[in-house]
Amino acid sequence: MKIEQLCVNRLYGDVAGATTRGHKIAVKGGYIYQTFQGGYTLTPLGWSVVHKIENIIRDEMNAIDGQEILMPVVCTADLWQETGRYDAMSVLAKFKGQGGTDYVICPTHEEVVTDYARSVITSYRQLPFMLYQIQTKFRDELRVRAGLIRTREFIMKDGYSFHETQEDLEQYYQRCFDAYYRIFRRCGLKNFVDVMSSTGDMGGKVAHEFQLISEMGEDTLYICDCGFRANKELEDTDSTVCPKCGKQLNKVRGIEIGNIFQLGKKYTESMNMTYTAADGSEKTPIMGCYGIGVGRTMAAIIEESADDNGPVWNMETAPFAVEVIGLVDKENKTFELAEKIYTDLKHAGIEVLIDTRDNRAGEKFADADLIAAPIRLIVSTKNLEQNKIEVKYRVNNYDASKLPDTLDINNYVDTIKDLISKLSQH
């Protein structure tokens, strides 16, 4: 991709209305564009990052036997009336169709997935299973903030498991718990924790949130050195003492990036979902629920890793693995070599961006910081005289001093492949 053909608008200077560093950088870098308050268009850069986060999620959900489906964004009100949530959820957006049918824009899909599962499951032999989707949701929130951290429309991975016994649910819950740690680590997040949380409108008795510890977060967390961790809704906020060991609790802020619930039978019972057990009796499945805010995860990565110049992606989430920058020279030899490098890397299957605009070096480097390819190749007159290509890195998961700062002008493709492999392992 040539940088001038990249359909994004990078901004310079202050960003009006942005309240956090991550929000500012997401707008400045051209990752998101506000279509309405609480609703964003993901640009080619933003969608690339989100798509890569989705693929990490798919890898890990498939690894724990998840089956991907896609449910409709809108459903009829009768499903929500079955569970009693139609009149109970304040964020539920409702509308009436032309024929008079009442509809819901789903903020979550427990009712829809249970309706589907009850149409398929008849026998205990079909249990357990987990269905998941990655799809757009809408919540009619009263307020929004910080770009993708709190929006009205958002992309979410929601998964739902069905079980014969509580013990089986608990075993699968732990598998999903462990998968979430792998997902967030692969996304490059470091300072995140799991905390016990309230089940709220979801139902059930056991729930955990995955929170990125950040002063930009809107959630209050209570953490103890003994391992006790809870959110504000669960913990008695009048007490500053750990209920587990009696020590002083640490109070921090967090950005919720995922949650998991042991739902029990709230939805399967209210929606009359049953199966035939081994003894011939009719029984009700037990459910679990597992959510990840995909856009919010991207926002969390920026909040945690960005510096004043732009985001810092890892190799699994970066929109481009490599950016080639040709610096202006009178004879255009730098541009010729930059084009050759770009073509060679593209033919090698590497995601690469090229900048051969007739701009000053400082402007190109500022744009490169916002796009944040982990590997940056710089072609200048000075480099050409030495038959070298200069290499810069934008990474926080590897000691760049251990990586080469120049490449041979005649042998670089295999070296770059090796660099990508090294940076992908951390």
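One can find the structure itself at the top, above this paragraph.
A few points on the structure. Only a predicted model underlies this, so the values are computations on that prediction, with no experimental measurement involved.

In spatial order, the strands read 18-17-19-20-21; together these 5 strands make up an open sheet with mixed pairing. Each edge of the open sheet carries a strand with a single partner, namely strand 18 (352–355) and strand 21 (406–408). For this sheet, the mean angle separating the axes of adjacent strands, direction not counted, is 25°. Across the sheet, helix 11 (residues 413–424) touches strand 17 (322–326), strand 19 (375–379), strand 20 (388–393) and strand 21, and the angle it forms with strand 19 is around 150°.

This brings us to the pattern of salt bridges. The final tally for this structure, using the stated rule, is 32 salt bridges. With a shortest N-O distance of 3.3 Å, R175 and D65 are connected by a salt bridge. Taken together, the residues R175 in helix 5 (residues 166–186) and D65 in the loop between helix 2 (44–63) and strand 3 (66–68) connect sequence positions 110 residues apart. Since its relative accessible area comes to 34%, R175 is described here as partly exposed. Here R357 and D367 are joined by a salt bridge, their closest N and O atoms 2.8 Å apart. Within this pair, whereas R357 is found in the loop between strand 18 and helix 9 (361–371), its partner D367 is found in helix 9, the two being separated by 10 residues in sequence. D367 matches R357 in its accessibility class, with the two residues each being buried. Through salt bridges with shared partners, a single network forms among D59, E60, R182, R186 and E316.

With that settled, the discussion passes to helix 5. With 21 residues, helix 5 ought to run about 30 Å at 1.5 Å a step, and its terminal C-alpha atoms sit 30 Å apart, in line with that. Among all positions of helix 5, only L169, Y172, Y173, C176, F177, A179, Y180, Y181, I183 and F184 are buried.

What follows covers the packing of aromatic side chains. With the rule as written, the count across this model stands at 13 aromatic pairs. Feature note: the residues F177, Y180, Y181, F184, F192 and F210 constitute an aromatic cluster, connected by ring pairs. One residue, K94, lies across the ring of Y86, its end atom 4.1 Å from the ring centre.

This part is about the nonpolar core. Counting 61 residues, the largest nonpolar core has M61, Y180, I183, F184, Y290 and W313 as the members making the most contacts within it. Secondary-structure elements contributing two or more residues to this core are helix 1 (21–28), helix 2, strand 7 (129–138), helix 5, strand 10 (206–213), strand 13 (250–264), strand 16 (286–293) and helix 7 (294–305). No other element matches helix 5, which puts 10 residues into this core. Those residues in contact with F184, other than ones at most four positions away along the chain, are L189, F192, F210, I257, G258, I292 and T297. By size, the runner-up hydrophobic cluster in this structure holds 31 residues, among which are Y86, A117, L127 and Y275.

We now examine the side chain of R376. On the secondary structure map, R376 appears in strand 19. Within the structure, R376 has its side chain in polar contact with the side chain of D369 (distance 2.7 Å). Ignoring anything within four residues of it in the chain, the contact list for R376 reads E323, I325, F365, A368, D369, E390, V391, K392 and R394.

Before going further, it helps to examine the state of the cysteines. A full pass over the atoms with the stated rule returns 0 disulfides. Looking at the unpaired C187, the closest cysteine sulfur is the one in C176, lying at 14 Å. For the unlinked cysteine C242, the closest cysteine sulfur is that of C226, found at 3.7 Å.

Turning our attention to the sheet that holds strand 6 (residues 102–105). With antiparallel pairing, the 3 strands of this open sheet are ordered in space as 4-6-5. On the outer flanks of this sheet lie strand 4 (74–76) and strand 5 (93–96), each paired with one strand and no other. Neighbour to neighbour, the strand axes of the sheet diverge by 30° on average, direction disregarded. Taken together, the 3 bridges between strand 4 and strand 6 define a ladder with antiparallel strand orientation. In the strand pairing of strand 6, T76 is matched with Y103.

Definitions and cut-offs
- Note on numbering: residues in each chain are counted from 1, in written sequence order.
- Since the coordinates come from a predicted model, pLDDT governs what is reported: local features require at least 70, and pairs of side-chain atoms require 80 or more to be given and counted, while whole-chain, interface and lining totals use all residues.
- Calculated side-chain values reflect all of the structure's heavy atoms, with hydrogen atoms and water omitted.
- By the convention used here, strands pair only if DSSP detects at least 2 bridges between them.
- Runs of H or I in DSSP of at least four residues are treated as helices and runs of E of at least two as strands, each being numbered from the N terminus.
- Angular values range over 0 to 180 degrees, each being the angle between N-to-C directions of two axes fitted as lines to C-alpha atoms, with helices fitted over their stretch in contact.
- The contact rule is simple, with two residues in contact once any of their heavy atoms fall within 4.5 Å.
- The rule for a salt bridge is simple: a side-chain nitrogen of Lys or Arg has to be within 4 Å of a carboxyl oxygen of Asp or Glu.
- Under the scheme applied here, a residue whose accessible area is under 20% of the maximum for its type counts as buried, over 50% as exposed, and between as partly exposed, the area being computed with a 1.4 Å probe on protein chains only.
- By this rule, a helix spans an expected 1.5 Å times one less than how many residues it contains.
- Think of it this way: a Phe, Tyr or Trp ring, Trp meaning its six-membered ring, pairs with another when their centres are within 6.5 Å, and the plane angle makes it stacked under 30 degrees, edge-to-face over 60, tilted otherwise.
- For a lysine, the NZ atom is tested; for an arginine, the CZ atom; a charge sits over a ring if that atom is within 6 Å of the ring centre and within 35 degrees of the ring normal.
- Within this scheme, the nonpolar core is defined by two criteria: the residues are buried Ala, Val, Leu, Ile, Met, Phe, Trp, Tyr or Cys, and they are joined through side-chain atoms within 4.5 Å.
- Two N or O atoms form a polar contact when they lie within 3.5 Å of each other; inside protein one atom must be a possible hydrogen donor and the other a possible acceptor, and for residues adjacent in sequence the pair counts only when both atoms belong to side chains.
- Two cysteine sulfur atoms make up a disulfide if the distance between them is within 2.5 Å.

Purely geometric stuff here, so don't read any function into it on its own.
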